[in-house]
Amino acid sequence: KKILGFNNFLIWPKHLSGEDLGLADVENLSIKKDYPKRTLIINILKKDLAGIWCSARLEGSGSEEVVADRSCWLFNYRGEIFKESLATSGNLIKIVDDYSSRELSLGSKILPEELIPNLISILEIISESGVSNKTIILENLDLQEVRVPTWGGPDLYFSLRHPADPYLSVLKSLVARPD
């Protein structure tokens, strides 16, 4: 290793984590060396993006409320924050606006462990059903619910205590009826 140096692939390990490489988007990297064929195969497994989590607080009251101190992160399907993100809008990538005044940072969980699978099921059925949502809002973690305002429709409420899978057919039937 001292003679060849790290730039020579002969000494590279078989596996590296994204953390080892300083790459937040990479889960791990595997390296396969085939010396007789003179080939090097590198497989990169990217982290699974579930959505964007934005923490903010509201200032003012009633119709005078304004969003302040908004910071956003990418999170995966295990509920782990793995990279800072810009604040964005739209419904291609699911965005959760968290107004619960909790302190989050890189590497932390977006919710208590037992609530994460239920939030992921909510994200999945919103995507599968075709609901055109503005955002997903967590106002108070003690209530263990999220509110989903829709474009041109009602606000939907989901409990974080239960998986949302049973509601997929109901949402699909609501989306199919324009009235």
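Quantities reported herein were computed from a predicted structural model and do not represent experimental measurements.

> Explanation requested: the sheet that holds strand S2 (residues 26-34) in the structure shown.
The pairing of strands in a sheet happens through backbone hydrogen bonds and is either parallel or antiparallel. Read across the open sheet, the three strands follow the order S1-S2-S3; overall the sheet is antiparallel. The two strands at the open ends of the sheet, each matched to only one other strand, are strand S1 (15-17) and strand S3 (39-46). When the angles between neighbouring strand axes are averaged without regard to direction, this sheet yields 15°. As paired elements, S2 and S3 share eight bridges and run antiparallel to each other. When the bridges of S3 are listed, Ser 30 appears paired with Asn 43.

> Looking at this structure, I do not really get the state of the cysteines. What am I missing?
Here a disulfide denotes a covalent bond joining the sulfur atom of one cysteine to the sulfur atom of another. Here the structure, examined in full by the defined rule, presents one disulfide. Here Cys 54 engages in a disulfide with Cys 72; their sulfurs sit 2.1 Å apart. Of note, the bridge from Cys 54 to Cys 72 carries an S-S torsion of about 110° and is right-handed in sense. With Cys 54 in strand S4 (residues 49-59) and Cys 72 in strand S5 (residues 66-76), this residue pair connects regions lying 18 residues apart in the sequence. According to the relative accessible area criterion, Cys 54 is buried, its value standing at 1%. A relative accessible area of 4% places Cys 72 in the buried class.

> Before we go on, may I ask you to explain the packing of helix H2 (residues 116-129) against helix H3 (residues 168-176) in this structure?
Running from N to C, H2 and H3 point in directions that differ by 35°, and their axes come no closer than 9 Å. For the pair H2 and H3, the sense of crossing is right-handed. Facing Ile 125, Glu 128 and Ser 129 of H2, the residues of H3 in contact are Leu 168, Leu 171, Lys 172 and Val 175. Considered class by class, the residues forming the contact of H2 with H3 number four nonpolar, one polar and two charged.

> What is the right way to read empty space enclosed by the protein from this model?
Over the atoms, a rolling probe the size of a water molecule traces out where space has been left empty. Across all of its chains, the model carries one cavity of 30 Å³ or more by this definition. A volume near 50 Å³ is recorded for the largest cavity. Around the largest cavity, the lining residues are Ile 137, Glu 139, Asn 140, Leu 143, Glu 145, Val 146, Arg 147 and Tyr 157. The element that contributes the greatest number of residues to the lining of the largest cavity is strand S9 (residues 145-148), accounting for three residues. Across the lining of the largest cavity, the residue classes tally to four nonpolar, one polar and three charged.

> I keep staring at unusual backbone geometry and nothing clicks. Help me out?
One can expect most non-glycine residues to show negative phi and most peptide bonds to be in trans. The phi angle at Ser 101 is positive, at roughly 60°, despite the residue not being glycine. Notably, Gln 144 is not glycine yet its phi reads approximately 50°, a positive angle. Within the element layout of this structure, Gln 144 appears in the loop between strand S8 (136-138) and S9.

> Can you walk me through the pattern of salt bridges in this structure?
A side chain with one charge may pair with a side chain of the opposite charge, provided their charged atoms come close. Applying the stated criterion across every chain yields a total of seven salt bridges. Residue Glu 80 pairs with Lys 109 through a salt bridge whose shortest N-O separation is 3.9 Å. Here Glu 80, found in the loop between S5 and strand S6 (81-85), pairs with Lys 109, found in the loop between strand S7 (95-98) and H2; they are 29 residues apart in sequence, far enough to count as distant. For Glu 80, a relative accessible area of 24% puts it in the partly exposed group. The network of salt bridges with common partners includes Arg 78, Glu 80, Lys 109 and Glu 113.

About the thresholds
Residues numbered from 1 in each chain as written. Predicted model: local features only at pLDDT ≥ 70, side-chain atom pairs only at ≥ 80, totals over all residues. Heavy atoms only, no water. Pairing = 2+ DSSP bridges. Helix = DSSP H or I, 4+ residues; strand = E, 2+ residues; numbered from the N terminus. Axes fitted to C-alpha atoms, helices over the stretch in contact; angles between N-to-C directions. Disulfide = S-S within 2.5 Å. Buried < 20%, exposed > 50% of the residue type's maximum accessible area, 1.4 Å probe, protein only. Left-handed = near helix turned anticlockwise from the far one by under 90°. Contact = heavy atoms within 4.5 Å. Nonpolar A, V, L, I, M, F, W, Y, C, P; charged D, E, K, R; others polar. 1 Å grid on protein atoms, 1.4 Å probe; cavity = no way out; pocket = protein on both sides within 12 Å on 5 of 7 lines; lining within 4 Å. Points joined across faces, edges and corners; volume = space filled by probe spheres on them. Salt bridge = Lys/Arg side-chain N within 4 Å of Asp/Glu carboxyl O.

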